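In case you want the letters, here they are:
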Amino acid sequence: MSNDPKEPLLLDHNYDGIQELDNKLPRWWVWLFYITIIYSAIYLVYYHVTRTGDLQAAEYANEMKIGEQIKNGAMGKFESTIATLQPASDAAVLESGHQTYTKLCAICHRVDGGGLVGPNLTDDYWIHGGKYSDTVAIIWNGVPEKGMVAWKKNGLKPNDVIAVASCIYTLRGAKLLSPGKLPENQAPVKTGPSQFE
Ligand code: HEC
């Protein structure tokens, strides 16, 4: 830069030889600046003076409400189809059901389905009905007062329930390594592929 003292834009300070030109700001930059000021005034009136717009917390609550409605709709739709469901035989579905079973259910129903706190799932005795759809319904809704978890509220989606119920369906009549839990006074029902009773 020129050190010419006649340079009209040159300011008179000088730091270690570095000097400053008092350039005019470009018009477009100045306009951006005005626009932000106007925007902030509108924002202030809209959100904080007239309170026309929702603030973050209210927006979050609204979105959660909409999400809840969508979820309830999907759950209701699934519930209305339970009675007509058939067990899946697809290997990938059964495998994912088996993983869910091992992770969440084996702790109460034993790894092989023989029963511990929860009843035996391999015999022909069922407390809540032995149809596949009964199994789906009981996994979905649970029996909280008896200690069976309502899985719709505990992280299983309809497809997970279908998969794990299909996996349980394949356990019917399974040969157990050690005797399973005895039935609790129910009448036996022939329900699946089991030749057990
Ligand atoms: C905390 C223990 C516990 C866990 C975990 C559990 N259950 Fe149960 N389950 C029970 C009990 C207890 C019952 C018996 C309920 C009753 O007496 O009405 C039961 C009943 C059932 C029944 C009905 C059996 C019948 O005879 O009608 C099915 C099916 C079942 N559970 C599947 C599952 C599946 C699938 C999972 C995992 C996703 C699971 N349970 C996890 C405790 C458990």
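Rules behind the numbers
- Residues numbered from 1 in each chain as written.
- Predicted model: local features only at pLDDT ≥ 70, side-chain atom pairs only at ≥ 80, totals over all residues.
- Helix = DSSP H or I, 4+ residues; strand = E, 2+ residues; numbered from the N terminus.
- Rg over C-alpha atoms; globule rule 2.2 N^0.38 Å.
- Buried ≥ 20, exposed ≤ 12 C-beta atoms within 10 Å, placed from the backbone.
- Contact = placed C-beta atoms within 7 Å.
- Near = placed C-beta within 6 Å.
- Domains from an automatic or database assignment.
- Core = buried A, V, L, I, M, F, W, Y, C linked by C-beta atoms within 7 Å.
- Pairing = 2+ DSSP bridges.
- Axes fitted to C-alpha atoms, helices over the stretch in contact; angles between N-to-C directions.
- Parallel < 35°, antiparallel > 145°, perpendicular 65-115°, else oblique.
- Nonpolar A, V, L, I, M, F, W, Y, C, P; charged D, E, K, R; others polar.
- Expected span 1.5 Å × (residues − 1).

Trainee: Lay out the overall build of the protein chain in plain terms, naming residues and giving numbers.
Mentor: On a plain count of helices and strands, the protein chain comes out with five helices and two strands. Walking the protein chain from its N terminus toward its C terminus, one meets helices and strands in the order β-β-α-α-α-α-α. Here the C-alpha radius of gyration of the protein chain, 34 Å, is well above what a compact globule of 197 residues would show, namely 16 Å. Each principal axis of the C-alpha atoms in the protein chain carries an extent, and together these give about 110 × 45 × 30 Å. The burial tally for the protein chain puts 20% of its 197 residues in the buried class. Of the contacts made within the protein chain by residues no fewer than 6 positions apart, 61% connect residues no fewer than 24 positions apart.

Trainee: For the site of the ligand, give the residues involved together with the corresponding values.
Mentor: Within the structure, the ligand sits among 24 residues, and Cys105, Cys108, Gly118, His128 and Met148 are positioned closest to it. Contributing elements (two or more residues each) for the shell around the ligand: helix 3 (91–109), helix 4 (132–141) and helix 5 (158–171). It is helix 3 that contributes the most residues to the shell around the ligand, six residues altogether.

Trainee: A description of the domain arrangement of the protein chain should follow, citing residues and the corresponding values.
Mentor: The parts lose accessible area when they come together, and the size of an interface is often stated as this lost area. The domains assigned to the protein chain are domain 1 (10–49) and domain 2 (85–171). Computed from C-alpha atoms alone, the centre-to-centre distance between domain 1 and domain 2 is 66 Å.

Trainee: Help me get a handle on the nonpolar core, residues and values and all.
Mentor: Val136, Ile139, Val161, Ile162, Val164, Ala165 and Ile168 are the most contacted members of the largest nonpolar core, which totals 18 residues. Per element, the largest residue contribution to this core is nine residues, and it comes from helix 5. Discounting residues that sit within four places of it in the chain, Ile162 has contacts with Leu85, Ala88 and Val136.

Trainee: Could you give an account of the pairing of strand 2 (residues 18–21), naming the residues involved and the relevant values?
Mentor: As judged from the three bridges shared by strand 1 (residues 10–15) and strand 2, these two strands associate in the antiparallel manner. Following the sheet pairing, Asn14 is matched in strand 2 by Gln19. Taken together, strand 1 and the strand that follows it, strand 2, pair antiparallel across an intervening segment of two residues, in which Asp16 is found at a positive phi of about 50°.

Trainee: Run through the packing of helix 3 against helix 5, naming residues and quoting values.
Mentor: At their nearest, the axes of helix 3 and helix 5 sit 7 Å apart, and the two run at 90° to each other. The orientation of helix 3 relative to helix 5 falls into the category roughly perpendicular. Between helix 3, through Val93, Leu94, Ser96, Gly97, His98, Thr100, Tyr101 and Cys105, and helix 5, the contact on the second element is made entirely by Asp160, Ala163, Val164, Ser166, Cys167, Ile168 and Thr170. Partitioning the contact of helix 3 with helix 5 into residue classes produces eight nonpolar, six polar and one charged.

Trainee: I'd like a rundown of the environment of Gly130, residues and numbers included.
Mentor: Here Gly130 is to be found in the loop between helix 3 and helix 4. The spatial distance from the C-alpha of Gly130 to the C-alpha of Glu79 is 18 Å, given a sequence separation of 51 residues.

Trainee: Describe helix 5, naming the residues involved and giving the relevant values.
Mentor: In an α-helix there are 3.6 residues to a turn, and that puts residues three or four apart on one side. Taking 1.5 Å per residue, 14 residues should reach 20 Å; helix 5 reaches 20 Å between its end C-alpha atoms and fits that length. The element helix 5 is extensively covered by neighbouring structure, given that ten of its 14 residues are classed as buried. Turning to helix 5, its buried residues are Val161, Ile162, Ala163, Val164, Ala165, Ser166, Cys167, Ile168, Tyr169 and Leu171. Against helix 3 and helix 4 lie the buried residues of helix 5. One or two residues past the end of helix 5 sits Gly173, with phi positive at roughly 80°.

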